[in-house]
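# Working through the structure, step by step
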Amino acid sequence: MAPPLIELREITKQFPGVLANDKVSLSLKSGEIVALLGENGAGKSTLMNVVYGLLSADGGEVLVEGEAVHIRSPRHAIDLGIGMVHQHFMLVAPLTVTENIVLGNEPTRGGVIDFKQAREDVREISHRYGLAVDPDATVRDLPVGMQQRVEILKALYRGARVLILDEPTAVLTPQEVRELFAVVRSLVSEGLAVVFITHKLEEVMSVADRVVVMRDGRVVGETRPSDTDTAGLAKMMVGREVVFRVEKSPSTCGDTILEIEDLKVLDERRLEAVKGVSFTVCAGEVVALAGVSGNGQTELIEAITGLRKVTGGSMRLKGVDITHTAAREAIAAGLSHVPEDRHRRGLVLEFDLMENTILGDHRQAPFAKHGVLDFKAITEVTRKRIADYDVRTPSEHIKASSLSGGNQQKLVLARELGRDPDLLIAAQPTRGLDVGAIEFVHNQILAERSNGKAVLLVSLELEEVQSLADRILIIFEGQIVKEFVAGEASDEELGYYMTGGGGDKLSSGSEEVMTDARAED
Amino acid sequence: MLADIFTPDLFASAIRMATPLALAAIGGTICERSGIVNIALEGMMLFGAFMGVIGTMYTGSPWLGALIAMVSGMGLALVHAFASITLRTDQVVSGTAINILSLGLTGFLMEVIIGHPGTTDPVARLMPVFNINGPTEGVLGSVWRWVDTIVFSYTPIVYLAIIIAVVGQWALFRTRWGLRLRALGEHPRAADTVGISVIRGRYSAVIVSGALGGLAGANLTLEQVGSFTENMTNGRGFIALAANIFGRWTPAGSYLASLLFGFADALQIKLQLFRDVIKIPSQFFLMLPYVLTVIVLAGVVGRAVAPAAVGKPYEKG
Amino acid sequence: GGGEEEEPADNGDGVEAPTTDVKAAMVTDVGGLGDKSFNDMSWEGLLRAEQELGVEIRALESNEIADYEPNIDQLANAGYSAIFTVGFLMTDTTTAKAPEYPDVVFGGIDQFFEEPAENQAGLLFKENEAAYLAGVVAGLATLDSGLDDRINDQNVIGFVGGMDIPPVEKFEVGFIAGARSVNPDVEVISLYAGSFDDQAKGKELALSAIDQGADVVFAAAGLTGLGSITACQERGALFIGVDADQYETVPGSGDVMLTSAIKRVDTAVFETVKAVVEGTFVGSENREFGLAEDGVGLAPYHDFDSAVSQDIKDAVEEARQAVLDGTVTVPALRSEL
Amino acid sequence: MPELKTEHSTSRLAAVLRELAVPLVSVAIAAIIGSIIMLIAGFDPLAAYAAMFKGAFGGGRQIGETMLRSTPLMFTGLAVAYGFRAGLFNIGAEGQLFMGGLSAAWLGIVLAGMPRPLNIILMLVAGAAIGAAWAFIPALLKAKVGAHEVITTMMFTYIGRYIVSWLVTGPLKAEGQIPQTNRLPVESTLPKMHEMLPFLTPSRVHLGFVVAIILAFFIWWVLKYTSLGYESRAVGYNPWASETGGISVSATTIKALCISGALAGLAGVTEVMGVHMRLFDQFSAGFGFTGIAVALLAKNNPIGVIAAAILFGGLSAGGGTMQLEADVPQKVILIIQALIIFLVAAEQIARWVIGWTDRRGATEHAG
Ligand SMILES: Nc1ncnc2c1ncn2[C@@H]1O[C@H](COP(=O)(O)OP(=O)(O)OP(=O)(O)O)[C@@H](O)[C@H]1O
Ligand SMILES: Nc1ncnc2c1ncn2[C@@H]1O[C@H](COP(=O)(O)OP(=O)(O)OP(=O)(O)O)[C@@H](O)[C@H]1O
Ligand SMILES: [Mg+2]
Ligand SMILES: [Mg+2]
């Protein structure tokens with residue numbers, strides 16, 4: 001029998017204060033998809049970064065096709081046929097798709113890039129693997145799903161035989177996830193091996209050939225989807241039973257908290273991204289905004305939270321007009337916001353956990369009195385929140401940047417929910433969280449609801465939407481094209497409307513886009 | 001009055017004064033595109049200016065002098081690279097230290113090598129490249145005067161600067177070197193993950209910027225004036241830094257921004273001719289280039305976005 | 001420090017110099033030695049005192065203004081009995097220090113003291129008188145195409161100033177007055193660089209003046225003026241130097257150096273040291289050195305000596321006489337022109 | 001930009017000692033390299049350093065001199081450091097300093113005859129205000145149209161210097177030939193410190209030194225313990241997250257650059273009120289620019305600024321003695337300054353020399 005494509009033997013990696021990988025062994029054969037599963041901070045990314053030459057292990061060895069190699073650098077990994085798609089994409093935003101894909105392996109003539117050849121190459125592989133992209137688009141302008149394709153194409157362009165995908169589905173819509181899986185299957189059928197890190201158990205069930213579960217830096221089990229179910233996987237990961245369907249009492253709609261009327265908002269390119277949206281959220285209700293990303297959700301939320309100028313319509317929070325107020329007033333008026341991009345918008349990574357905990361409340365009691373910070377109170381509250389939200393950290397003095405991705409998200413949630421808002425706007429609140437943490441967050445959101453708070457949830461996860469929302473608004477091309485009451489619609493129906501299945505709305509919508517474009521000139 | 005101001009020499013003067021700024025600014029562009037801030041351009045220019053003179057003094061050839069100026073600039077750049085890339089020192093700190101070092105070193109070496117402070121004796125200079133005898137009479141004569149002054153009157157490094165701007169612009173957006181450079185400054189980790197050596201790329205960019213800074217100094221001493229005076233760069237390196245930002249981190253933009261500044265300075269000199277007419281103190285003429293820059297920046301240019309990773313030391317696992 | 005030259009003279013070239021226990025020193029202003037201007041000229045005066053009087057000499061450079069006072073203290077405490085402070089920026093400091101060291105004589109170059117102490121004298125120069133003579137030369141030279149083939153048929157001359165401050169203004173105004181006295185229609189272009197150490201700027205300014213038709217350029221701009229010399233050499237114009245006889249101090253400038261408007265700081269320093277050595281020093285005054293005191297003047301024409309017509313030489317002599325006689329008072333301010 | 005290390009509760013004394021050991025060793029290495037350069041050039045480094053030390057700390061007068069020279073550097077160092085903490089590079093502190101000096105020179109005359117304490121307070125406040133005002137336009141341009149502060153503050157430096165140059169040769173010129181303003185009446189000047197601390201007699205150090213020290217602690221406190229400082233730092237690190245947290249990025253930018261300008265303005269005020277008693281064109285020895293080095297040497301820590309400024313002040317004060325007694329050109333001081341900045345910033349070298357295996361400074365980053 002041929003040796004496995006890649007074999008890891010007793011890989012150990014120590015970070016200051018954290019043993020991230022503890023004698024981890026793993027092997028990977030041609031033609032198989034291995035799912036790597038584990039709680040936040042279990043050490044998955046660390047392990048894969050070792051394989052890709054980004055980190056060097058403190059112990060253990062890596063064998064590629066039976067031969068022990070010391071992977072010194074990503075270049076070396078690439079040469080060995082290893083490709084990796086990082087969760088935080090390794091794309092150079094101002095460059096084009098083609099430039100990003102060929103970067104490092106450019107077709108050149110005497111140092112001058114042969115752009116024609118490069119574009120040709122990109123088209124060719126994008127066609128071969130069914131990953132359609134526009135080679136001349138600037139990466140910055142692409143939606144995340146498209147960016148991920150570029151990432152995969154990058155690896156394939158370099159001739160990867162082993163493809164590592166670190167949480168590839170966290171930012172994708174169900175539609176995009178299905179497309180991704182189709183691509184992954186076709187890749188393994190060509191003899192590639194794929195490592196797939198995810199927190200979504202159904203995905204594991206549907207796509208993986210084998211599942212490896214990590215906890216606290218160690219491999220705690222290995223199984224096959226056919227031999228288990230999601231509950232079993234969850235138990236292996238977390239070490240206890242996880243309740244998937246959260247218990248939800250019937251909605252008791254109180255006062256209207258948020259009223260949006262005919263709201264119009266422009267995007268970065270000054271095109272209308274939100275085109276006259278109206279809806280309300282009342283106390284004790286969770287309203288979900290579902291849609292494929294890039295349909296105006298980001299702009300809508302930024303408008304409500306005071307981060308983006310409104311060009312038309314009005315917004316009221318608890319009856320008070322907030323159409324033209326800044327983020328600060330919105331926060332003061334009782335709004336909390338879990339932003340979708342935690343690194344950019346959610347956290348100041350260089351601040352420690354205490355400083356991150358007070359962001360937004362740094363002028364208010366108990367954190368500040370007359371503009372002077374009270375570190376006693378800050379420490380106290382931070383410690384309490386770290387404990388309440390199970391943020392895994394050695395101390396509240398460390399920088400937010402040294403938390404694992406999932407723990408960073410928990411920190412943001414701890415802050416925003418801890419504020420005790422009247423309205424919570426949560427965008428992708430469980431992105432990157434493990435099942436245990438998701439369960440916890442969902443319960444927190446529902447607790448807010450039963451406390452009579454209003455919640456506006458923006459999510460790509462239909463399951464999350466279905467289990468939390470009292471009402472579901474489908475947003476498509478900047479307009480709300482359909483409204484459902486909880487339990488009324490199947491995932492398929494939601495997906496249908498999310499992708500523009502609303503018939504005439506679709507065509508009228510696109511006409512409007514053109515009118516807008518003309519109006520811009 | 002207008003005919004007195006807009007003489008061919010106004011434009012030639014603008015181009016001459018733009019040259020050292022442009023060379024240093026392009027050096028800054030290349031350096032910052034790789035993700036390293038270079039506020040040491042002033043020091044590199046000053047050191048290049050000095051070593052160019054010393055080199056010419058010892059070799060007798062201003063061409064060799066210019067080469068030595070570039071190598072000296074590269075030497076300081078190597079220090080900057082070592083500090084900011086290898087030691088991951090704050091880049092502004094390292095740049096500031098180099099500026100001070102260069103000021104001290106040139107002053108100290110003046111006393112050690114030349115034997116006195118202040119200014120060196122004149123050395124051989126690089127002379128204008130062309131010397132064409134065109135028509136002098138009539139319409140043709142005056143047309144030729146314009147063409148000769150604006151196109152053919154310069155010394156080699158002035159032309160070289162234009163070539164560097166054009167070629168640099170092309171190379172930044174068309175060659176492998178340029179693509180990788182841009183990637184380094186925007187997202188070094190992305191470059192690293194596709195096997196581009198961040199360290200090597202940044203070292204070479206910093207060293208190239210040192211060579212250009214040295215060349216800018218050589219233009220001052222070996223073309224414009226022929227001798228070295230302590231602190232003779234007079235803040236040009238900082239103006240160049242501004243020109244690089246103004247030119248939005250592109251070689252051609254840096255050149256044009258420098259040209260704008262050079263033009264404002266040349267114009268200011270021309271306007272001084274009319275001190276009897278425009279009765280304002282000389283300081284207000286001297287202020288003009290700076291005021292103009294602020295106005296243009298505020299009114300026309302707007303937001304300048306630096307390469308995303310600029311100034312951040314790159315740490316590898 | 002000024003290097004080896006500071007060694008006492010008896011270590012020198014065998015010429016037996018007289019000895020005295022007077023030690024004389026100077027504190028430079030922030031321009032420092034090597035400025036080809038008053039700092040260097042003061043040092044020249046001390047060197048002469050070393051050679052001719054056997055005085056031990058010393059120069060302390062000031063990197064910044066804060067150095068003035070400690071530098072003076074250092075020298076006074078080290079036993080220097082004549083201290084020259086160079087440049088008007090040291091006026092306040094010198095005034096403050098003179099009473100503190102009553103045994104030390106203070107000479108303030110370019111400094112005017114309101115109430116000088118007994119051991120304190122201001123040494124000032126009538127720069128405008130030197131510039132006046134230079135103006136006479138330039139005003140006539142620009143009309144005299146026989147002088148040199150670089151003289152054009154336009155009646156234009158140029159002035160390049162460093163910073164626009166009174167001592168420089170005196171040079172400018174004297175120059176203009178001199179030129180107009182012999183050539184009422186002459187156009188004088190005066191341009192300022194805004195600094196004393198930007199040669200490249202000095203060059204561009206001179207080029208601009210030359211472009212405008214100037215064929216004689218006078219620069220009172222410190223090191224900035226060195227660039228103006230280059231401009232003249234490149235573009236074919238004549239140059240008039242400043243402070244020192246720049247024919248001597250700027251090597252290779254002979255081909256354009258018509259003459260220089262000199263300010264005999266060296267003489268002032270030397271004479272003061274001599275007075276101290278001889279015990280004849282009188283303080284409590286501001287001494288002004290003009291043409292009459294031989295404290296300012298015009299340098300020789302050197303390479304142009306034969307080219308400069310007798311008419312010009314006569315005119316200069318006439319002007320000098322007129323100033324000495326008091327028939328002409330040279331203006332010092334733009335407003336007096 | 002480098003920033004404050006967060007203290008760990010464990011063994012603070014050891015941490016403080018460690019923090020001190022590294023810069024001290026760095027200074028020592030710089031001195032050694034400086035000696036090598038001097039030896040090569042034929043000077044006696046031991047004599048040079050001995051003289052330098054004597055000139056900087058050899059007695060009350062020398063200590064006073066060092067304090068005097070460190071005073072403007074503390075102000076400009078604080079100015080630059082505050083800007084850096086908010087993500088702004090105020091390269092134009094020199095211009096703000098000039099405007100501060102200008103206001104003092106003018107106001108000091110206007111206020112002649114008023115009680116001294118009142119004058120001092122008014123002049124300090126006014127100087128800070130005009131320094132802030134001079135930074136306000138660049139700040140506004142940064143906040144509103146995104147004009148880069150490196151360009152604008154630098155341009156405003158040149159503009160400010162020419163304005164001062166014009167005023168002292170024209171409208172504000174005192175009688176006589178010298179381009180300077182009238183001398184300030186004594187009630188508009190800062191008292192000398194030897195009036196309170198006789199051991200500093202007869203040095204020139206003035207009350208501005210105390211003001212600077214107090215301000216350094218105040219700025220440290222503002223940055224660490226106030227909402228204002230918190231907002232400045234947050235914006236400096238991550239404007240997007242700050243915005244999300246309800247912080248107005250443009251308002252914070254404007255505030256921070258104006259605070260920076262105010263601090264730089266105070267450098268000008270105290271130089272005029274404490275040292276020169278009047279204004280002239282060249283009253284600043286590039287303090288605004290040296291302030292950048294001071295701030296960076298201090299890693300933008302206001303308390304560190306005190307130490308860095310005193311170090312620079314000492315080097316500057318010792319330079320003259322070194323020149324006189326060891327015959328070494330003052331330029332050597334600049335070289336040693338540069339070496340110190342390098343070595344203090346590049347801590348690894350000192351750590352390596354100390355032989356610490358401690359790798360806390362070199363945390364690995366992944367992902
Ligand atoms: N560069 C680093 N420095 C210090 N600690 C680190 C570093 N990188 C990771 N860690 C720690 O190592 C542990 C494993 O992190 P890793 O990123 O591998 O987790 P993960 O399994 O990918 O978690 P997640 O699901 O949240 O992405 C965590 O405790 C994390 O805090
Ligand atoms: N500046 C930093 N300093 C220390 N550690 C860092 C820093 N940046 C990232 N890390 C570490 O690198 C690891 C990878 O980070 P990143 O968030 O990119 O991916 P991840 O672990 O896959 O997160 P996610 O849960 O979103 O998948 C994290 O565990 C984090 O601890
Ligand atoms: Mg991870
Ligand atoms: Mg003529």
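Computed from a predicted structure; not experimentally measured.

## Concerning the overall build of chain A
When you go through chain A residue by residue, the secondary structure sums to 18 helices and 24 strands. For 521 residues, the compact-globule formula gives about 24 Å, and the C-alpha radius of gyration of chain A, at 24 Å, lands near that figure. With the C-alpha coordinates of chain A rotated into their principal frame, the extents come out at 70 × 55 × 45 Å. Within chain A, the fraction of its 521 residues that count as buried is 58%. Of the roughly 20,400 Å² of accessible surface on chain A, 48% is carried by carbon and sulfur atoms. For chain A, the distance from the average site of its 58 positive side-chain charges to the average site of its 79 negative ones is 3 Å.

## Points about the overall build of chain B
Regarding its fold elements, chain B presents 13 helices and zero strands. Start at the N end of chain B and walk to the C end: the helices and strands fall as α-α-α-α-α-α-α-α-α-α-α-α-α. By the compact-globule yardstick of 20 Å for 317 residues, chain B fits well, its C-alpha radius of gyration being 20 Å. Taken over the C-alpha atoms alone, chain B extends approximately 70 × 50 × 40 Å along its principal axes. Within chain B, buried positions represent 65% of all 317 residues. Sequence separation of at least 24 residues holds for 80% of the intrachain contacts in chain B that already meet a minimum separation of 6. Counting only carbon and sulfur atoms, one obtains 70% of the accessible surface of chain B, whose full area is about 10,400 Å². Once the 20 positive and 16 negative side-chain charges of chain B are each reduced to a mean point, those two points are 13 Å apart.

## Let's talk about the domain arrangement of chain A
A common way to state how big an interface is: give the accessible area lost once the parts meet. Residues and elements named next belong to chain A. Structurally, chain A comprises domain 1 (6-238), domain 2 (246-334 + 422-521) and domain 3 (344-420). The C-alpha centroid of domain 2 is placed 32 Å from the C-alpha centroid of domain 1. In this complex, domain 1 contributes 17 residues to the contact, which on the side of domain 2 involves 14 residues. Both faces considered, domain 1 and domain 2 share a buried interface measuring about 1,300 Å² in area, 59% of it formed by carbon and sulfur atoms. If you look at where domain 1 meets domain 2, you find one salt bridge. Among the ionic pairs, K200 bridges to E461, the shortest N-O distance being 2.7 Å. For the interface between domain 1 and domain 2, the tally reads two residue pairs in polar contact (both at pLDDT 80 or more). Taken together, the elements giving at least two residues each to the side of domain 1 that touches domain 2 come down to α7 (201-207) and α8 (230-238).

## Looking at the site of ligand 1
Around ligand 1 sit 20 residues, and of these G41, G43, K44, S45 and T46 of chain A come closest. Positioned at a junction of chains, ligand 1 has nearby residues supplied by chains A and D. The separation between an oxygen atom of ligand 1 and a polar side-chain atom of S45 of chain A is 2.7 Å. Separating an oxygen atom of ligand 1 from a backbone N or O atom of S402 of chain A is a distance of 3.3 Å. Protein chains shield 85% of the accessible area of ligand 1, which is 630 Å² for the free molecule. Of all the secondary-structure elements, those providing two or more residues to the shell around ligand 1 are β2 (18-28), α1 (44-51) and α14 (405-418) of chain A. With three residues, the single largest contributor to the shell around ligand 1 is α1 of chain A. Residue assignment places the shell around ligand 1 across two domains, with domain 1 (6-238) and domain 3 (344-420) of chain A each supplying three or more.

## What to know about the sheet that holds strand β16 (residues 310-317) of chain A
Residue and element names in this part refer to chain A. Strand order in the open sheet formed by four strands is β14-β13-β16-β17, with antiparallel pairing between adjacent strands. Pairing within the sheet leaves two strands with one partner each, and these edge strands are β14 (272-282) and β17 (320-321). Bridge count between β16 and β17: two bridges; the pairing is antiparallel. Bridge assignment links L317 to a residue of β17, and that residue is V320.

## Quick word on unusual backbone geometry
Most peptide bonds adopt trans geometry, and most residues besides glycine take a negative phi value. All names here are of chain A. Note the cis peptide between A365 and P366, where omega equals 5 degrees. With respect to the element layout, P366 can be found in the loop between α12 (353-357) and β19 (368-369). The backbone of E10 sits at a positive phi, close to 50 degrees, despite the residue not being glycine. Assignment of secondary structure puts E10 in strand β1 (residues 6-15).

## Some points on the sheet that holds β1 of chain A
Residue and element names in this part refer to chain A. Read from one edge of the open sheet, four strands run β2-β1-β4-β5, paired in antiparallel fashion. Of all strands in the sheet, those with a lone pairing partner are β2 and β5 (67-69), marking the two edges. Between one strand axis and the next, the sheet turns by 30 degrees as a mean value, whatever way the strands run. As paired strands, strand β4 (residues 59-64) and β5 are joined by three bridges and run antiparallel to one another. Paired with L63 across the strands is A68, a residue of β5. Docked against the sheet, α1 engages β1 and β2, running at close to 120 degrees with respect to β1.

## As for the interface of chain D and chain B
The interface is formed by 49 residues belonging to chain D together with 51 residues belonging to chain B. For the chain D and chain B pair, buried surface summed over both sides reaches about 4,200 Å², with 78% attributable to carbon and sulfur atoms. When the buried area of chain D at its contact with chain B is split by residue, Y162, K331 and F342 of chain D rank highest and sum to 15% of it. For the pair chain D and chain B, the number of links is two salt bridges.

## Describing the interface of chain A and chain D
Contact residues are listed per partner, giving 34 residues for chain A and 27 residues for chain D. Approximately 2,700 Å² of surface area, both sides summed, lies buried where chain A meets chain D, with 57% of it carried by carbon and sulfur atoms. Among the residues of chain A in contact with chain D, R344, R345 and F351 of chain A are the three that bury the most area, contributing 19% of the side total. Two residues, E231 of chain D and R363 of chain A, come together in a salt bridge whose shortest N-O distance is 2.7 Å. Here chain A is connected to chain D by 16 residue pairs in polar contact (both at pLDDT 80 or more).

## Thoughts on the arrangement of the chains
Among five pairs of chains with at least one contact, chains B and D form the most extensive contact set. Looking at chain A next to chain C, you find no contact at all, with the nearest C-alpha pair sitting 38 Å apart.

## Details of the coordination of the magnesium ion (ligand 4)
Angles between donor atoms at a metal ideally measure 109.5 degrees for a four-coordinate tetrahedral arrangement and either 90 or 180 degrees for a six-coordinate octahedral one. Taken together, the protein ligands of the magnesium ion (ligand 4) are T142 of chain C (O), T142 of chain C (OG1), N152 of chain C (OD1), Q154 of chain C (O) and D215 of chain C (OD), with distances of 1.9 to 2.5 Å. In primary-sequence terms, the residues that donate to the magnesium ion (ligand 4) follow T-x9-N-x1-Q-x60-D.

## Observations concerning the side chain of R149 of chain A
Looking at the secondary structure, you find R149 of chain A in helix α5 (residues 144-157). Contact partners of R149 of chain A, with chain neighbours within four places excluded, come to L131, A132, V133 and E179 of chain A.

## Quick word on the packing of aromatic side chains
Per the stated rule, a full pass over the model turns up 33 aromatic pairs over all chains. Between F130 of chain B and Y159 of chain B the ring centres are 5.5 Å apart and the planes differ by 85 degrees, which places this aromatic pair in the edge-to-face class. Pair noted here: F130 of chain B is in the loop between α5 (91-114) and α6 (138-152) and Y159 of chain B is in helix α7 (residues 156-174), with a separation of 29 residues, a long-range link. For Y159 of chain B, a relative accessible area of 18% corresponds to the buried category. The interplanar angle of 55 degrees and the centroid separation of 5.7 Å between the aromatic rings of F159 of chain C and F218 of chain C together place this pair among those described as tilted. One end of the pair, F159 of chain C, is in strand β6 (residues 156-161); the other, F218 of chain C, is in strand β8 (residues 216-220), with 59 residues separating them in the sequence. The two residues F159 of chain C and F218 of chain C agree in class, both being buried. One aromatic cluster is present, formed by F130, W144, F152, Y154 and Y159 of chain B through successive ring pairs. Directly above the ring of Y80 of chain C sits K23 of chain C, whose terminal nitrogen or CZ lies 4.7 Å from the centroid.

## Side note on the state of the cysteines
All names here are of chain A. Considering all chains together, one arrives at one disulfide over all chains under this definition. Each sulfur of the disulfide joining C253 and C282 lies 1.6 Å from the other. For the disulfide bridge between C253 and C282, the dihedral angle about the S-S bond is near -135 degrees, and by the sign convention the bridge is left-handed. You can see C253 sitting in the loop between α8 and β13 (256-266) and its partner C282 sitting in strand β14, a full 29 residues away along the chain. Using a relative accessible area of 5% as the deciding quantity, one classes C282 as buried.

## Section: the environment of N38 of chain B
Residue and element names in this part refer to chain B. The residue N38 is located in the loop between α2 (8-33) and α3 (41-59) in this model. Residue N38 is classed as buried on the basis of its relative accessible area, which comes to 0%. Apart from the residues within four sequence positions on either side, N38 is in contact with C31, E32, M44, H80, S209 and L241. Side-chain polar atoms of N38 contact the backbone nitrogen of A40, separated by 2.9 Å. A distance of 3.4 Å separates a polar side-chain atom of N38 from the backbone nitrogen of L41.

Parameters at a glance
- Residues numbered from 1 in each chain as written.
- Chains lettered and ligands numbered in written order.
- Predicted model: local features only at pLDDT ≥ 70, side-chain atom pairs only at ≥ 80, totals over all residues.
- Heavy atoms only, no water.
- Helix = DSSP H or I, 4+ residues; strand = E, 2+ residues; numbered from the N terminus.
- Rg over C-alpha atoms; globule rule 2.2 N^0.38 Å.
- Buried < 20%, exposed > 50% of the residue type's maximum accessible area, 1.4 Å probe, protein only.
- Areas by Shrake-Rupley, 256 points an atom, 1.4 Å probe, with all protein chains shown as cover.
- Lys, Arg positive; Asp, Glu negative; His and termini not counted.
- Charge placed at Lys NZ, Arg CZ, Asp CG, Glu CD.
- Contact = heavy atoms within 4.5 Å.
- Domains from an automatic or database assignment.
- Buried area = accessible area lost by both parts, 1.4 Å probe.
- Salt bridge = Lys/Arg side-chain N within 4 Å of Asp/Glu carboxyl O.
- Polar contact = N/O pair within 3.5 Å; in protein donor to acceptor, adjacent residues only side chain to side chain.
- Near = heavy atom within 4 Å.
- Pairing = 2+ DSSP bridges.
- Axes fitted to C-alpha atoms, helices over the stretch in contact; angles between N-to-C directions.
- Donors = N, O, S within 2.8 Å, 3.2 Å for Na, K, Ca; no water.
- Phe/Tyr/Trp six-rings, centres within 6.5 Å; stacked < 30°, edge-to-face > 60°.
- Lys NZ or Arg CZ within 6 Å of the ring centre and 35° of its normal.
- Disulfide = S-S within 2.5 Å.

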